[in-house]
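Survey of secondary and tertiary structure
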Amino acid sequence: MQTDWARVAWIVQASRALDAIEESQLLPERKILYQFCARGHELGQSLLGLLLTDSHDGVGAYYRSRPLMLALDFGLEEAAAGPLARATSSSGGRDIGVVFNMPSRGGATVLPGCGGVGAQYTPAVGWAQAIRYRREVLHDPTYARSIAVAHGGEASTATSGFWSALTIATTLRLPVLFYIEDNGYGISVPSALQTPGGDIAANLQSFANLSVLSGDGTHPHEAAELTARAVATVRAGEGPALLRLTVPRLSGHSGQDTQAYKSPELLARERARDPLEALRRFAVPALIAEADWLRIERTARNEVEAAVAAALARPPPEAASLQRHVFCEATAVGGRLLQEQGGVAPEGHEFPATATTPRPEPARINMLTAIRRTLDVELATNPRLLVFGEDVGPKGGVHGATLGLQERYGCGRVFDTSLSEEGIVGRAVGMALAGLVPVAEIQFRKYADPAAEQLNDCGTLRWRTNNRFAAPIVVRIPGGFFKCGDPWHSQTNEVAWVHGIGWRVAVPANAQDAVGLLRAAMRGNDPTIFFEHRAMLDGASARRPYPGDAFILAFGEARLVRAGTQLSVITWGAMVERCELAVSESGVDAEVLDLRTLSPWDRRATLASVKKTRRCLIVHEDNLTAGFGAEIAATLVQEAFFHLDAPIERLAMPDTPSPHSPILLEAALPSVRGIAAALQRIARA
Ligand SMILES: Cc1ncc(C[n+]2csc(CCOP(=O)(O)OP(=O)(O)O)c2C)c(N)n1
């Protein structure tokens, strides 16, 4: 493809002019609060953006990607409105203006960006894997030449996200281009501290299944040739590529940075590499007449000034809108409250009919079988659904939840992943953004920790894109004690996601609820953590008849385990069984509520029960301090204080990790005897 140098010149000039207005006017006037300048980075990004013409291309961008955004037709006014935090900007004033997102407008999608350096990589490879899935499993020929691009600075190649994405891309030979702009510094830290010798391309030369290219991002011909070659390689299906272009950063890292850590000589050397000057020398007059160059310069400046004026005239966000779009607000598929992109809902996917009344089979099954059967039914009825994680393929998962599913649905739909939880969750986010339903397994609760960044970013994604995007993924996580405990496999810490923003959290205590809640999660439109308690997976008390392929349960509806008059016990997960036993042992006529989900949690049922019994004991396995019991107690104190005849009490694991020795474990967990004693004491109070 011939390079449209006049267009490149316009993008470079427009980006320059926008940076200049922001630095010289809008920042000093405090109309914008952060300024991230792309000066020095514009040339390569302009060339790259003009090559991303496929309607299913997906781009993971970062805060210095504004020239790339302009090349992708983001629009000058849109670009100006972001830093001005306008209501109609791409985040509605909720995110830093250069943390970009752009639903497809017939061309590339720009995946919702993140402030965390390196967080763009694993969602980008998820998008690339979704391209392959759409092409090879769903047989959609329109994905034949689509690619994903992950754009970052050289310091981002030191992040775990980069390495996780590189492993996924190269092991699976995915159509993804890593486009690295090396300006020599991560804020003030030189690149030799990010990768040995400071050259990531040189260091990756021997990496298998990766085409590595490298060159000068300020040299028009070289940058154009390398960028075109890198994009063509990936489009041709030759697997992933990495292109490193060296560029100068001709400004501070952000508006606040004075660059005092650079010597005057270095600053002069950088100025001498200005790609705008290089472009002018290269193009004028050979490709663009002098008069045309001047006209482009003038037009770009005028258009930027007009765009800034129009963006300034846009209204700021309304304070009352703050809490909108944390979760999906649409009650049915379709309608303007749906996100524009992400998950199956925007494309009008219809699921088979559901039933809220169980149709029990005669035999009881354990929770593990219930989970497996539910995955099986959803895989069979929803071709967009994929199941993956460590060992979930031929082995069937370390707990056995996916046993036989790969055999039935193939390696494209049920598969093993590399050992990177960040990769599992970040990839799931990219797949969801590309319209799939990823169901990921994390082997044990503690091992979700390496995915913390992606989990956080996924939860906030709808809110921070002001409902443009959503990534409704399901993450299944076994945890809790089983025979013994230990600090790694046995913690619950479910409260972490309730405290995080935008997650729905299920903590089922029996096989029937597991079926209904897992189905609701896989057909829902918000990201969901599905917590599988290890003691419940084959626990006798959790066995129930299979409730049918259509059975579904709403989130936020507690189960009345036992009605009572003297005291309310609020609990969930493996503590449900212990509370039931304790009530029988205590002789107290206690009401037991199993919350079933913690986000949302059933305040209504909890308040009604406590107002009736006037006493309350909350029992959970998670540590006491800032466990979810504290939230319930605070709510009851505020909303049912005058109904209480005794202080609200909590029984929970003390503030220690889960211990391994069964003796220590029993000392740590709320025991049946301990719960019974508490019931008797509170009932007498
Ligand atoms: C995970 C994380 N750590 C630290 C930061 C703070 N930070 C923002 S940008 C940056 C430097 C990144 O440099 P590079 O990736 O080379 O991109 P450049 O800014 O040079 O374009 C740092 C340390 C962050 N945003 N995210």
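Here the structure is shown first, and the text comes after it.
Residues numbered from 1 in each chain as written. Predicted model: local features only at pLDDT ≥ 70, side-chain atom pairs only at ≥ 80, totals over all residues. Heavy atoms only, no water.

**Focus: the overall build of the protein chain**
Assigned secondary structure in the protein chain consists of 23 helices and 22 strands. Rg of the C-alpha trace for the protein chain: 28 Å, near the compact-globule value of 26 Å for 685 residues, within the 12% margin. For the protein chain, with 685 residues in total, the buried portion stands at 61%. Sequence-distant contacts in the protein chain: of pairs separated by 6 or more residues, those separated by 24 or more amount to 79%. Counting only carbon and sulfur atoms, one obtains 54% of the accessible surface of the protein chain, whose full area is about 25,600 Å². Of the charged side chains in the protein chain, 67 are positive and 73 negative; the average position of the first set lies 3 Å away from that of the second. (Helix = DSSP H or I, 4+ residues; strand = E, 2+ residues; numbered from the N terminus. Rg over C-alpha atoms; globule rule 2.2 N^0.38 Å. Buried < 20%, exposed > 50% of the residue type's maximum accessible area, 1.4 Å probe, protein only. Contact = heavy atoms within 4.5 Å. Areas by Shrake-Rupley, 256 points an atom, 1.4 Å probe, with all protein chains shown as cover. Lys, Arg positive; Asp, Glu negative; His and termini not counted. Charge placed at Lys NZ, Arg CZ, Asp CG, Glu CD.)

**Some thoughts on the packing of helix H19 (residues 575–586) against helix H23 (residues 672–684)**
At a minimum axis separation of 8 Å, H19 and H23 run at an interaxial angle of 55°. Classed by the angle they form, the pair H19 and H23 counts as oblique. In terms of crossing hand, the pair formed by H19 and H23 is right-handed. Of the residues in H23, those in contact with Arg578, Cys579, Leu581, Ala582, Val583, Glu585 and Ser586 of H19 are Val672, Arg673, Ile675, Ala676, Leu679 and Gln680. (Axes fitted to C-alpha atoms, helices over the stretch in contact; angles between N-to-C directions. Parallel < 35°, antiparallel > 145°, perpendicular 65-115°, else oblique. Left-handed = near helix turned anticlockwise from the far one by under 90°.)

**With respect to the packing of helix H12 (residues 367–381) against helix H17 (residues 511–523)**
Contact geometry of H12 with H17 gives a least axis separation of 9 Å together with a crossing angle of 30°. Looking at the two axes, H12 sits roughly parallel to H17. In the crossing of H12 with H17, the sense of the turn from one axis to the other is right-handed. Two secondary-structure elements touch here, H12 through Met367, Ala370, Ile371, Thr374, Leu375, Val377, Glu378 and Thr381 and H17 through Ala511, Ala514, Val515, Leu518, Arg519, Met522 and Arg523. Tallied by class, the residues present in the contact of H12 with H17 amount to 10 nonpolar, 2 polar and 3 charged. (Nonpolar A, V, L, I, M, F, W, Y, C, P; charged D, E, K, R; others polar.)

**Looking at the pairing of strand E4 (residues 176–182)**
Of all 7 residues that make up E4, 7 are buried, and the element is covered over most of its length. Of the pairings in the sheet, the one linking strand E3 (residues 148–153) to E4 comprises 6 bridges and is parallel in character. Paired with alanine 148 across the strands is valine 176, a residue of E4. Handedness of the E3-helix H6 (residues 160–172)-E4 crossover: right-handed. (Pairing = 2+ DSSP bridges. Right-handed = clockwise from strand over helix to strand, strands pointing away.)

**Regarding the site of the ligand**
Taken together, 16 residues lie around the ligand, and Tyr62, Tyr63, Arg64, Asn183 and Tyr185 are the ones closest in. Here valine 117 contributes a backbone N or O atom positioned 2.9 Å from a nitrogen atom of the ligand. In this structure, glutamate 154 approaches the ligand through a side-chain N or O atom, which is 3.3 Å from an oxygen atom. Burial of the ligand by the protein chains amounts to 69% of its free accessible area of 590 Å². Grouping the constituent residues of the shell around the ligand by class yields 6 nonpolar, 8 polar and 2 charged. (Near = heavy atom within 4 Å. Polar contact = N/O pair within 3.5 Å; in protein donor to acceptor, adjacent residues only side chain to side chain.)

**Thoughts on the environment of threonine 195**
Within the secondary structure, threonine 195 is located in the loop between strand E6 (189–190) and helix H7 (200–203). Residue threonine 195 is classed as buried on the basis of its relative accessible area, which comes to 9%. Placed 40 residues apart in sequence, threonine 195 and alanine 155 show a C-alpha to C-alpha distance of 8.2 Å. Here threonine 195 is in contact with Ile200 and Asn203, once residues within four sequence places are set aside. Only 2.9 Å separates the side chain of threonine 195 from the side chain of asparagine 203, close enough to count as a polar contact.

**Some details on the side chain of threonine 597**
Relative to the assigned elements, threonine 597 resides in strand E20 (residues 597–599). For threonine 597, the side chain forms a polar contact with the main-chain nitrogen of glycine 556, separated by 2.8 Å. Once residues within four sequence positions are removed from consideration, threonine 597 is found in contact with Val505, Ala506, Val507, Leu517, Phe555, Gly556 and Glu557.

**Regarding the pairing of strand E22 (residues 649–653)**
Across 4 bridges, the pairing between strand E21 (residues 616–623) and E22 is parallel. By the bridge assignment for E22, isoleucine 618 is matched with arginine 650. At this point the chain moves from E21, through helix H21 (residues 628–640), to the parallel E22, and the crossover so formed is right-handed.

**Some remarks on the packing of aromatic side chains**
Applying the stated criterion across every chain yields a total of 16 aromatic pairs. Note on phenylalanine 36 and tyrosine 63: the rings are 5.2 Å apart at their centroids and 50° apart in plane angle, and the pair reads as tilted. Of this pair, phenylalanine 36 sits in the loop between helix H1 (5–26) and helix H2 (42–51) while tyrosine 63 sits in the loop between strand E1 (58–60) and helix H3 (66–71), placing them 27 residues apart in sequence. Just as phenylalanine 36 is buried, tyrosine 63 falls in that class too. (Phe/Tyr/Trp six-rings, centres within 6.5 Å; stacked < 30°, edge-to-face > 60°.)

**Let's talk about the sheet that holds E1**
Within the open sheet, the 6 strands sit side by side as E2-E1-E3-E4-E8-E7. Their pairing is parallel. At either end of the open sheet lies a strand with only one pairing partner, and these are strand E2 (109–111) and strand E7 (211–216). The mean angle between the axes of side-by-side strands here comes to 20°, regardless of whether they run parallel or antiparallel. The pairing of E7 with strand E8 (residues 241–246) spans 6 bridges and is classified as parallel. Its bridge partner being in E8, aspartate 216 is matched across the sheet by threonine 246. Across the sheet, H2 touches E3, E4 and E8, and the angle it forms with E4 is around 165°.

**Description of helix H5 (residues 121–137)**
End to end, H5 covers 24 Å across 17 residues, agreeing with the expected 24 Å (1.5 Å per residue, within 8%). Most of H5 is tucked away: 13 of the 17 residues are buried. (Expected span 1.5 Å × (residues − 1).)

**What about a nonpolar patch on the surface?**
A cluster of nonpolar side chains, contributed by Val637, Phe641 and Phe642, occupies part of the molecular surface with about 370 Å² of accessible area. Residue classification places valine 637 among the partly exposed residues on the basis of a relative accessible area of 41%. (Patch = residues over 30% accessible without salt bridge, like charges linked within 9 Å, V, L, I, M, F, W, Y side chains within 5 Å. Salt bridge = Lys/Arg side-chain N within 4 Å of Asp/Glu carboxyl O.)

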